[in-house]
Amino acid sequence: MKKPEIVNTREKEAADAYLKFLQSKGAPSGMLYLRSRFLDTFILKLKGKIQTRKEFAYALEEIIASLPIDDKDRGNALSTAREFFPFWMNDIKAIAMFQEFYGFNVNEIKWEPKHTTLKALTDDLDLQKLTAAEEQSLQAYVQAITKLGADTAVVDTRSKLAKIILIRLRDAPTTNHAIYRISVDLTLQLFKTKEIKQLYLDVVREFYHFWTNDPDAEAKVFG
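Residues numbered from 1 in each chain as written. Predicted model: local features only at pLDDT ≥ 70, side-chain atom pairs only at ≥ 80, totals over all residues. Heavy atoms only, no water.

A. Structural detail: the overall build of the protein. Across its full length, the protein holds 11 helices and zero strands. The long-range fraction of contacts in the protein, counting pairs at least 24 apart against all pairs at least 6 apart in sequence, stands at 74%. (Helix = DSSP H or I, 4+ residues; strand = E, 2+ residues; numbered from the N terminus. Contact = heavy atoms within 4.5 Å.)

Next up, the structure:
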């Protein structure tokens, strides 16, 4: 009889912690099953990897590449991986932020951002006018990353990605983590390269508190 493959304790512990977290937040059983099923495969890809976003992204790309473009498992894989990342990294600060804002009203929300392409989003990005509230969120974020010493090119790229986030959320019925997550997951699939996907997810994580106009956003994200 073939012995079952032994998963690195680090990955197993991270997966268990993540699934317990979802359970504590009231995740539906169907969602827990799908995420658990994906992690059974994903943690095998992560075994022995150096704990960096780059290695994590490479492992995820291997799995995504094996799925048909219209496979619903792609959405589950992307959502699960993005949420699982801080647990795999043992990033206590990111997990604490998750704990504060994560909720499972996502199943009650029928809203999705309008269908588009990356070309359509970026071709007229500079011409898109922001509302006063959107501009306030964007400028607060830009000021925060500028204060950290980011050079002009970095600030410009991150600013454009944050603007894409704002545009995609423009028709959202409310401002909460579930809505943000829906938009992020659908937008992430528009990007093609590992590098831009990684950068987009960095901006997603940083920009959330600025989008909600949290007065302590800078301290929570960069403090």
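B. Inspection of the nonpolar core at higher detail. Counting residues in hydrophobic clusters, the biggest one holds 64 residues, and the most contacted among them are Phe-42, Phe-84, Tyr-180, Tyr-200 and Phe-207. Per-element tally for this core: the top contributor is helix H10 (residues 194-211), with nine residues. Residues in contact with Tyr-180, not counting those within four places in the same chain, are Ile-165, Leu-169, Val-203, Val-204, Phe-207, Tyr-208 and Trp-211. (Core = buried A, V, L, I, M, F, W, Y, C linked by side-chain atoms within 4.5 Å. Buried < 20%, exposed > 50% of the residue type's maximum accessible area, 1.4 Å probe, protein only.)

C. Region of the structure containing the packing of helix H1 (residues 9-24) against helix H2 (residues 29-46). At a closest axis distance of 10 Å, the pairing of H1 and H2 adopts a crossing angle of 165 degrees. Put simply, H1 runs roughly antiparallel to H2. As H1 packs across H2, the resulting crossing turns out to be right-handed. Along its contact with H1, which presents Arg-10, Glu-11, Ala-15, Tyr-18, Leu-19, Leu-22 and Gln-23, the element H2 presents Leu-32, Arg-35, Ser-36, Leu-39, Ile-43 and Leu-46. Across the contact of H1 with H2, the residue classes break down as eight nonpolar, two polar and three charged. (Axes fitted to C-alpha atoms, helices over the stretch in contact; angles between N-to-C directions. Parallel < 35°, antiparallel > 145°, perpendicular 65-115°, else oblique. Left-handed = near helix turned anticlockwise from the far one by under 90°. Nonpolar A, V, L, I, M, F, W, Y, C, P; charged D, E, K, R; others polar.)

D. Geometry of the packing of aromatic side chains. Throughout the structure, instances matching the rule amount to 16 aromatic pairs. Measuring from ring centre to ring centre gives 6.1 Å for Tyr-208 and Trp-211, while their planes differ by 50 degrees; the resulting arrangement is tilted. One end of the pair, Tyr-208, and the other, Trp-211, are both in helix H10, three residues apart, so they sit about a helical turn from each other. An identical accessibility class is assigned to Tyr-208 and Trp-211; each is buried. (Phe/Tyr/Trp six-rings, centres within 6.5 Å; stacked < 30°, edge-to-face > 60°.)

E. Expanded view of unusual backbone geometry. One non-glycine residue, Asn-90, lies in positive phi territory at about 55 degrees. Position of Asn-90 among the secondary structure elements: in the loop between helix H4 (72-89) and helix H5 (92-101). A residue is classified by how much of its surface remains accessible, and Asn-90, at 52% relative accessible area, is exposed. Phi at Asn-213 takes a positive value of approximately 60 degrees, unusual for a residue other than glycine. One can find Asn-213 in the loop between H10 and helix H11 (217-222).

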